[in-house]
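# Analysis of the macromolecular model
For reference, the chains in residue letters:
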Amino acid sequence: MPDKSQTFQVSESETEQLRARIRALEERLATTEAQYERYRKLFELSPSGMLLEDANGTILDVNTAHCETLGFTRDELIGKNIRILAHSEVVSFVSGNIQRILSGEVLNHTVRTNRKDGQLCYMVLNESRFPLSPTEWGIVVVSMDVTDLKRAEAALLANEERNGAMIRAVPDILFRLSRDGVYLDVKSPNPHLLFLPPAEMIGKSLTDSGMDDETISLMLGKMEEALSSGEVQTTEFEHVVPAGRRVFEARVAPCGRSEVLVMVRDITQRRKAEHDLREALAAAEAASQAKADFLANMSHEIRTPLNAVIGMTELLLDTPLAGDQAEFARTIRTAGAGLMEIINDILDFSKIEAGKLSLESVSFDLSQLFSGVLDIVRGYAREKHLKLTLNASPDLPQRAVGDPARLRQVLLNLLSNAIKFTESGSVSLSVSVEEKEEHRIWLLVAVKDTGIGVPDEKRSLLFQPFSQVESSATRKYGGTGLGLAICRELIEAMGGRIGFESEVDRGSRFWFEIPLGTPDAQTVNHEESNSFSVVRLPPRGTEPRILLVEDNLTNQRLMIYLLRKLGVTLCDLAVNGEEAIRSIESQEYDLVLMDCQMPVMDGYEATRRIRAHEQAHATGHIPIVALTAHALDGERERCLEAGMDDYVPKPVRPARIAEIFKLYLGIPPESATPADT
């Protein structure tokens, strides 16, 4: 047996060799550790995610970027299987990839991965094998989060799908063209509107489209304007396509710096519809004008003989008559007045229907208007032995601003109706101020009677055109059934409202509310002021000479008789405008009474020529007053525009002629002014 106490002896050289090997190992270890630190830092500081797994898919290491992307900590991942990060749809795909990678294949692909919070994210992976030991392989995974990119791609795809759907839904032709007019893309819902199939047009230019040179120049100009201004340009053109000659509307929009998007719409049918509409409108306007002309002519033709009937009756009543003769004459006068009322109602309603109702805004005397209206109907009420009264509130202003003629028309209609349908008792007119504002007052006007009243079942007929309360009343009392309808239209046109209360056999109360302006110092009362030219007046003590221009024989005789009753004997006669001009050139006149509608030359043209002659020869201004059977809106203005000084509609009232004499001759007639009865 060897001696246990024997010492193992190592030579000095062996000791040195051993020490050298230890130092070498230590150096290698230090180098390895330094390399490991460098690789570790690269691993940790890499902006890309990095993960190391073994052949079984167990996570061995993971860097910070990968953890932050997925929302896990390193401790939550290390030691877990890679499948916890894979979406359920790609688990089998991951398992198959491990074997491919371990065999030496490098994979680059995009996968869906589970985040810790349950959200999905998309990652691009580069996977390759990595030596864990001389005999063992693992897998290193380099990842990049592309979730935002995927979302952007999905949004872009959805947007493209929406745009595509919108484009497919647009019924217009769409072109994308380069700045020099080359087709880059074409879409058309109707191939018959293109000169070639869409696919064959791409690459061709506008010059190959079959358009004429003018249209091509127009389109290139609009394209250049759109690119230069950055704004959409619109134009129209005609083009022959397989469907025939069509009219197109083009909207050119800039698309970048060197392309335009052109939307072309077939507007052939629209243009045809517009043309047809213009023709229909022209036909309607022509029909409306024909209706207006018919009304004007009807007014003239009816008023002309009616002027003679009423005028001659007035003159007849001023002569000594036997009892029956006077009664006959008064009957004729009443019938004429009734006929005139019917004519006025029809003409007024026609103007309202045509939308040609016009309202004035002038200053007028309220008290004078209401009392004047009562004076007009007082004789009618006296004949029926009715008591007629006016009740005006103390705070009623002296003057107001509005349309006195239309207001008078409404009052006359309501009062006439009240008297007509009242056999005994009374009719009263009451006026009160309902409300006062800074520049306006509201009037409440009521007409109350003790007449037949309105049955409940007939109330809806009132204020309706061509309607009567009952046929028996129609036969007994007459009328057009337009009066109250016209009143309603007039009151509403003046901004007011109208209504009534009634009880059968006990009477009715018709009322209306209207706003009227309050006059100021600048308000001009057109009813009481004279804006005509200064006229020459005959010397006092001399009889005025008058020229009557009238083609109707009966009206000539009527006016001559009327003038004689007013004390005028110097009256010359002309039967048309040409004769009137010759008479004025050869004789001085103090007043011309001019009919408007005459053969050879009408009164408008004659007046214009007379005014031109006065200006050319510096003669004095002869007052010319229209005597016309035209009574439609605008007739007065037409007369004044022609150069006339005033306007008197037919039938002519003697009192109105007396007013004309006082105004334009400066002196009253020698004889008494006849009453306007």
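A few points on the structure. Residue numbers restart at each chain and count upward from 1, following the sequence in its written direction. Restriction of local features to residues with pLDDT of at least 70 applies here, the model being predicted, together with a cutoff of 80 or more for giving and counting side-chain atom pairs; totals for whole chains, interfaces and linings are based on all residues. Processing note: side-chain calculations cover all non-hydrogen atoms of the structure and skip hydrogens and water entirely.

Turning our attention to the overall build of the chain. Under the scheme used here, helices are H or I runs from DSSP no shorter than 4 residues and strands are E runs no shorter than 2 residues, and both carry numbers assigned from the N terminus. Across its full length, the chain carries 18 helices and 22 strands. Across the 677 residues that make up the chain, the buried fraction comes to 41%. Within the structure as shown, the chain displays about 37,400 Å² of accessible surface, and the carbon and sulfur contribution to it stands at 53%. Only protein chains enter the calculation, and the probe is 1.4 Å; a residue is then buried if its accessible area is under 20% of its type maximum, exposed if over 50%, and partly exposed in between. For the area figures, the Shrake-Rupley method with a 1.4 Å probe applies, and any residue is considered shielded solely by the protein chains shown.

Moving on, we get to unusual backbone geometry. The bulk of non-glycine residues show a negative phi, and the bulk of peptide bonds are trans. For H385, which is not a glycine, the phi torsion comes out positive at approximately 60 degrees. Structurally, H385 can be placed in the loop between helix 10 (366–383) and strand 12 (387–392). Although it is not a glycine, V600 sits at a positive phi angle of roughly 70 degrees. Looking at the element boundaries, V600 is found in the loop between strand 20 (591–595) and helix 16 (603–617).

Looking now at the nonpolar core. Grouped together as the largest cluster of nonpolar side chains are 42 residues, with contacts concentrated most on F370, L411, L429, L443 and F512. Of all the elements in the fold, those that place two or more residues in this core are helix 10, helix 11 (404–420), strand 14 (426–436), strand 15 (440–449), helix 13 (483–493), strand 16 (497–503) and strand 17 (507–517). Residue contacts follow a heavy-atom distance rule, with two residues in contact if any of their heavy atoms lie within 4.5 Å. Ignoring anything within four residues of it in the chain, the contact list for L429 reads F370, L374, T389, L390, N391, L411, L415, V445, A446 and V447. Only buried residues count toward a nonpolar core. Its members are Ala, Val, Leu, Ile, Met, Phe, Trp, Tyr and Cys residues joined through side-chain atoms within 4.5 Å. Residues I173, F237, A250 and V252 belong to the second largest nonpolar core, which totals 23 residues.

Secondary-structure assignment places V106 in the loop between helix 4 (91–102) and strand 3 (107–114). Residues V106 and N126, spaced 20 residues apart in sequence, show a C-alpha to C-alpha distance of 7.2 Å. Setting aside chain neighbours within four positions, we find V106 in contact with N126, E127 and S128.

Once that is clear, we can look at the side chain of R656. In this fold, R656 is placed in helix 18 (residues 654–665). Whenever a nitrogen or oxygen atom comes within 3.5 Å of another N or O atom, the pair is scored as a polar contact, on the condition that within protein one atom can donate a hydrogen and the other can accept it, and that pairs from neighbouring residues in sequence are kept only if both atoms are in side chains. A polar atom in the side chain of R656 sits 3.3 Å from the side chain of D646. R656 has contacts with D646, Y647 and V648, leaving out every residue within four places of it along the chain.

Let us now look at empty space enclosed by the protein. Unoccupied space between atoms shows up once a probe the size of one water molecule is rolled over them. Cavities and pockets are defined on a 1 Å grid built over the protein atoms alone: a cavity is a set of grid points where a 1.4 Å probe fits but cannot escape, while a pocket is an open set with protein on both sides within 12 Å along at least five of seven lines, and lining residues are those with an atom within 4 Å of any such point. Grid points are joined across faces, edges and corners, and a volume is the space filled by probe spheres set on the points. Tallying each qualifying case throughout the model produces 2 cavities of 30 Å³ or more. Of the voids in this model, the second largest cavity is the one considered here, and its volume is about 180 Å³. Along the walls of the second largest cavity sit 19 residues, with F175, Y183, M211, F237 and V264 positioned nearest its centre. Put simply, the parts of the chain that give the lining of the second largest cavity at least two residues each are strand 6 (173–178), helix 7 (213–229), strand 8 (233–241) and strand 10 (259–266). In this classification, Asp, Glu, Lys and Arg are treated as charged, Ala, Val, Leu, Ile, Met, Phe, Trp, Tyr, Cys and Pro as nonpolar, and every other residue, Gly included, as polar. For the lining of the second largest cavity, the class distribution of residues is 17 nonpolar, 2 polar and no charged.

Here strand 3 shows a buried face lined by L107, H109, V111 and T113 and an unburied face lined by N108, T110, R112 and N114. In this description, strands pair whenever DSSP reports at least two bridges between them. Of the strand pairs in this sheet, strand 3 and strand 4 (residues 120–133) are connected by 8 bridges, and their pairing is antiparallel. Looking across to strand 4, one finds that R112 is bridged to Y122. Between strand 3 and the antiparallel strand that follows it, strand 4, lie 5 residues; G118 among them carries a positive phi value of about 90 degrees.

So, on to the packing of helix 14 (residues 553–565) against helix 18. Here an axis means a line fitted to C-alpha atoms, over the contact stretch when the element is a helix, while the angle between two N-to-C directions is reported on a 0 to 180 degree scale. Contact geometry of helix 14 with helix 18 gives a least axis separation of 11 Å together with a crossing angle of 60 degrees. Considering their axes alone, helix 14 and helix 18 lie oblique with respect to each other. Read as a crossing pair, helix 14 and helix 18 show a hand that is right-handed. Residues M559, L562 and L563 of helix 14 form the contact with helix 18, whose participating residues are P654, I657 and F661. Oblique is the label for any angle not under 35 degrees, not over 145, and not in the 65 to 115 range, which are roughly parallel, roughly antiparallel and roughly perpendicular in turn. If you view the pair so one helix is near and one far, a crossing is left-handed when the near helix is turned anticlockwise from the far one by less than a right angle, and right-handed when it is turned clockwise.

So, on to the packing of aromatic side chains. The pairing test for Phe, Tyr and Trp rings, Trp by its six-membered ring, is centres within 6.5 Å, and the orientation test on the planes gives stacked under 30 degrees, edge-to-face over 60, and tilted for anything in between. Evaluation of the coordinates by the stated rule reveals 3 aromatic pairs. With 5.3 Å between their ring centres and 20 degrees between their planes, F500 and F510 make a pair best called stacked. Taken as a pair, F500 in strand 16 and F510 in strand 17 lie far apart in primary sequence, 10 residues in all. In this structure F500 comes out as buried when scored by relative accessible area, which is 17%. Residue F510 is classed as buried on the basis of its relative accessible area, which comes to 13%. A cation sits over an aromatic face here: R129 above W137, 4.1 Å from the ring centre. A ring is considered to have a charge above it if a Lys NZ or an Arg CZ atom is located within 6 Å of its centre and within 35 degrees of its normal. The ring of Y604 has R638 sitting right over it, with the charged end atom 3.8 Å from the ring centre.

In protein structure, a disulfide is the covalent linkage between the sulfur atoms of two cysteines. The definition used for a disulfide is geometric: two cysteine sulfur atoms within 2.5 Å. The final tally for this structure, using the stated rule, is 0 disulfides. Free cysteine: C596, not disulfide-bonded; nearest cysteine sulfur from C639 at 3.9 Å.

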